[in-house]
Amino acid sequence: MAALGWLTPRRRSATARSVLAGEASAEAARKSSQDTQDVQDASDATAQEPEFPVLGDDKAAAFFDLDNTVMQGAALFHFGRGLYKRKFFETRDLAKFAWQQAWFRLAGVEDPEHMQDARDSALSIVKGHRVAELQSIGEEIYDEYMAERIWPGTRALAQAHLDAGQKVWLVTAAPVEIATVIARRLGLTGALGTVAESVDGIYTGRLVGEPLHGPAKAEAVRALAAAEGLDLARCAAYSDSHNDIPMLSLVGHPYAINPDTKLRKHAREKDWRLRDYRTGRKAAKVGIPAAAGVGAVAGGTAAAIALHRRRR
């Protein structure tokens, strides 16, 4: 098991480990999607549907990044809180998770050092545990910490693809087990995520390939599209991070959602579509009170300051 968005890639080209990670994630996603429940209604999503997607285009699909695109914050950090509650690790580790999450919420971008620490912590925490155990716990943690953090605007975009008869996949560096739970609870087709090695259903503490991040995400999408018979020129991809430019560049319909500075600049240069559900003006369009966004930032700031004072 590994965290999401671990390290900002030093190179944009796909390595052998990136290809391995992408292919492993695509295989896991296709297996998990066989058990996915029927698509749920999304009557509470009030964002205006885009002119795309095309109804009945079965050669098209949509690929959504998870953290800060579909969900506010980082999935692994919320998962860490749930594991702490269940005595998987000690208080000092929880403080690290909390600090990383507060920083992520304030900055809105991935920090390499924070993400590397989270990756190493996650692998050590789950080593020796059964895959089935983590899957069951993931269901509980989704209800406790994640469900209320889904962006309604992005959820509406995903629903538009589902309503058009297209498949919708999450693509994230979060562990595939967590990503699959989230995808199923949102009524999506399935999830591409980081694949942790397991033997006889028990985690070894190692990864298959590398975290599904940067070029590895693009390789996963490419592998899944080939297996599903999709035409990438007719597909869409959505992300908040410049690290996902390789994935966004693969498809004919790239979207920058809640973009970081580098992705926003790149999207404008390439004339990609942008959506931002973080501001009060945009939040009002998708039925989120502006005060709720202010409260979330204030809460993250308070948490960060409190932890900083405790460290001093």
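Note: the structure precedes this text.
Everything quoted here is computed from the prediction, not taken from an experiment.

Rules of the game
Residues numbered from 1 in each chain as written. Predicted model: local features only at pLDDT ≥ 70, side-chain atom pairs only at ≥ 80, totals over all residues. Heavy atoms only, no water. Helix = DSSP H or I, 4+ residues; strand = E, 2+ residues; numbered from the N terminus. Contact = heavy atoms within 4.5 Å. Areas by Shrake-Rupley, 256 points an atom, 1.4 Å probe, with all protein chains shown as cover. Pairing = 2+ DSSP bridges. Axes fitted to C-alpha atoms, helices over the stretch in contact; angles between N-to-C directions. Buried < 20%, exposed > 50% of the residue type's maximum accessible area, 1.4 Å probe, protein only. Right-handed = clockwise from strand over helix to strand, strands pointing away. Arc of directions from axis to C-beta. Polar contact = N/O pair within 3.5 Å; in protein donor to acceptor, adjacent residues only side chain to side chain.

## With respect to the overall build of the protein chain
Check the secondary structure of the protein chain and you find 12 helices and 8 strands. Once local pairs closer than 6 in sequence are excluded, the contacts in the protein chain between residues at least 24 apart make up 71%. Looking at the protein chain as shown, the accessible area adds up to about 14000 Å², and 49% of this sits on carbon and sulfur atoms.

## Concerning the sheet that holds strand E6 (residues 236-239)
Strand order in the open sheet formed by 6 strands is E3-E2-E1-E6-E7-E8, and the pairing between neighbours is parallel. The open sheet has two free edges, formed respectively by strand E3 (190-194) and strand E8 (273-275), since each of these has just one partner strand. Neighbour to neighbour, the strand axes of the sheet diverge by 20° on average, direction disregarded. In this structure, strand E1 (residues 61-64) lies alongside strand E2 (residues 167-175), joined through 4 bridges in parallel fashion. When the sheet's bridge partners are listed, Ala 61 is paired in E2 with Lys 167. Where helix H8 (residues 215-228) meets the sheet, its contacts fall on E1, E2 and E3, and the angle it forms with E2 comes to roughly 145°.

## Focus on the pairing of E3
The two faces of a sheet get side chains in turn, since along a regular strand they alternate between them. In terms of residue burial, E3 counts as a mostly covered element, since 5 of its 5 residues are buried. Sheet analysis places E2 next to E3, joined by 4 bridges and oriented parallel. Bridge pairing in E3 places Leu 170 opposite Ala 191. The parallel pair E2 and E3 is bridged by helix H7 (residues 176-185), and the resulting crossover is right-handed.

## What about helix H10 (residues 261-270)?
Within the sequence span of H10, burial applies to Leu 263, His 266 and Ala 267. For H10, the angular spread of buried residues about the axis comes to 100°, placing them on one side. Facing away from the buried side of H10 by more than 90 degrees, the exposed set consists of Thr 261, Lys 265, Arg 268 and Glu 269. Of the residues flanking the start of H10, the one acting as N-cap is Asp 260, its side-chain oxygen 3.3 Å from the backbone nitrogen of Lys 262. Residue Asp 271 follows H10 closely and has a positive phi angle near 60°.

Shape is all these values report; function is a separate question.
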